[in-house]
Amino acid sequence: MLSAQFIRENADRVRSDLELRNTSAPVDRIIELDDARRSRLTVVENLRAELNVASKAIGKTKDAGERQERITAARALGDRISGLDLELRGCDQELRSLLLEVPNIVDPSVPRGPDESHNVVVETVGEIPQFGFKPRPHWEIGEIIDGIDIERGAKMSGSRFYALRGGVARLQRALIQFMLNEHTAAGFVEHYLPYMLSEASLFASGQLPKFRDNLYKDHEEDYFFIPTAEVAFVNLYRDEIIPAGRLPMRFVGHTPCFRREKMSAGKDVRGIKRGHQFEKVEMFVYCESDKSEAELEMLVRRARSIPELLGLPYRVVELCTGDLGFNATKTFDLEIWAPGQGEWLEVSSASNCLGFQARRANIRYRETPESSPRHPHMLNASGLALPRTVIAVLENYQLEDGGVGIPEVLQPYMGTDVIPVAR
């Protein structure tokens, strides 16, 4: 969340960034409310000072009639203060509500562009595999090895659900364990997190109010199904002050993710690429406010290490202004090549959110034991997302008979070097 003071002092930049994002926010109303709040606050402070003087005068007044007049006047002052306090509370509530609608600022280095077609490919790594046969898409491979069951998933739950079995289910589990082990070896602290979160947690992380329509909610209790582990990590230290010397803190966790997919017909919805439920390994960082640029570079390196170890071709893409997420000031995506579909699949987004989420969650830290608290910067990156990493392994390591080879680094987790054709 941007503060009202920041918006007031940087109104032109905030308006310009909103245009770059192709969105809008009530900037003028926020400034108007902040003006009203400041004005009322000044009046209240003056009236309180006046009431304090009047109260002291009452104690010194000996004449009963004059004393009663002073008491009546003081009560009137008190009533006026109470009325203004009520107006201030209403003003504060509306102001905070509107501030929650304003996205983060845009880093000046982010490429300009209205939509994803203007994203910039920073680097492509690895060779696109060449096959002596026509490569199959993962849904065909899944049938041949009897590992993906879309029909029965839909029967159980509806469109955009599926079941994994046998070698493919084991492949997903192996990837999750492999990625968690790689990131914890690099110093990230593994967490097991709640899969249901309160509304306050979703507001703090920035998913609410903007993305309410994409969330699944328990309508009897205050629970939202987790859309990403990022939400839980933001809220680990909500309303706390982190002691000096604790930052940076680097976390990793595996959770399912639940989202309402707004999907259209076409090849984009074939197979298991998009679903209402999927798995993800998430990295998250709390750091000092002057260290987040370096932490973003580190997160991108960590994400890149996974396809490199798996031997999968990938590319790094910097998102343009029109494709940035609500919380992010700068984002790099990681995309892995899927030869069976002939396209790049996004498996990670690494974003620097500065102090935006920390302000919403009221999280602060001290640089030294004596220093005033300030908001840490927060960053997140998938490390990586399933099932698209599963898809990439299936399609890049497919064999001519329809079986699938297993990357060498996964073989100890799988206990085999191949998922064979089903018999």
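This is a predicted model, so every value here is computed, not measured.

Visitor: What's the story with the nonpolar core in this structure? I'm lost.
Guide: Looking at soluble globular proteins, one finds that nonpolar side chains tend to be buried together. In terms of nonpolar packing, the biggest core is built from 50 residues, with Leu 171, Leu 175, Met 179, Leu 299, Leu 384, Leu 394 and Leu 410 touching the most fellow members. Every element with two or more residues in this core is listed here: helix 7 (166-185), strand 10 (277-287), helix 10 (292-310), strand 11 (314-318), strand 12 (330-338), strand 13 (343-352), strand 15 (377-385) and helix 12 (388-396). Setting aside anything within four residues of it in sequence, one finds Leu 299 in contact with Phe 188, Met 283, Val 285, Leu 379, Asn 380 and Ala 381. Grouped together as the second largest cluster of nonpolar side chains are 26 residues, Leu 197, Leu 202, Leu 208 and Val 234 included.

Visitor: Hey, could you run me through the packing of helix 7 against helix 10 in this one?
Guide: Between two packed helices, both the angle of their axes relative to each other and the distance between the axes serve to describe the pair. Viewed as axis vectors pointing N to C, helix 7 and helix 10 meet at an angle of 130°, and their least axial separation amounts to 11 Å. Considering the angle they form, helix 7 stands oblique to helix 10. Read as a crossing pair, helix 7 and helix 10 show a hand that is right-handed. Contacts from Leu 175, Phe 178, Met 179, Glu 182 and His 183 in helix 7 reach Arg 302, Ile 306, Leu 309 and Leu 310 in helix 10. By residue class, the composition of the contact of helix 7 with helix 10 is six nonpolar, one polar and two charged.

Visitor: Would you mind going over the pairing of strand 12 with me for this structure?
Guide: On a regular strand, each side chain points to the face opposite its neighbour's, so the side chains alternate between the two faces of the sheet. Within strand 12, nine of the nine residues are buried, which leaves the element mostly enclosed by the surrounding structure. Where strand 12 lies against strand 13, nine bridges are found, and the strand directions are antiparallel. Along strand 13, the bridge assignment pairs Ile 336 with Leu 345. The turn linking strand 12 back onto strand 13 is made up of four residues, and Gly 342 within it adopts a positive phi angle of 65°.

Visitor: It is not clear to me how the confidence of the model for the protein should be interpreted in this structure. Could you clarify?
Guide: Regions with low pLDDT carry predicted coordinates that are not meant to be interpreted in detail. Residues with a pLDDT of 70 or more make up 98% of the protein, whose mean pLDDT is 94. pLDDT under 50 marks residues 263-267. Its contacts with residues more than four places away, or in other chains, come to six contacts.

Visitor: Looking at this model, I keep getting lost on unusual backbone geometry. Mind explaining?
Guide: Glycine aside, the phi torsion of most residues is negative, and most peptide linkages are trans. That bond from Leu 247 to Pro 248 is cis: its omega, 5°, falls within 30 degrees of zero. Looking at the element boundaries, Pro 248 is found in the loop between strand 8 (241-242) and strand 9 (249-258). Cis rather than trans, the peptide bond between Gly 383 and Leu 384 has omega equal to 15°. Note that Leu 384 resides in strand 15. With phi around 60°, Asp 239 is a residue other than glycine that occupies positive phi space.

Parameters at a glance
Residues numbered from 1 in each chain as written. Predicted model: local features only at pLDDT ≥ 70, side-chain atom pairs only at ≥ 80, totals over all residues. Heavy atoms only, no water. Core = buried A, V, L, I, M, F, W, Y, C linked by side-chain atoms within 4.5 Å. Buried < 20%, exposed > 50% of the residue type's maximum accessible area, 1.4 Å probe, protein only. Helix = DSSP H or I, 4+ residues; strand = E, 2+ residues; numbered from the N terminus. Contact = heavy atoms within 4.5 Å. Axes fitted to C-alpha atoms, helices over the stretch in contact; angles between N-to-C directions. Parallel < 35°, antiparallel > 145°, perpendicular 65-115°, else oblique. Left-handed = near helix turned anticlockwise from the far one by under 90°. Nonpolar A, V, L, I, M, F, W, Y, C, P; charged D, E, K, R; others polar. Pairing = 2+ DSSP bridges. pLDDT = per-residue confidence, 0-100.

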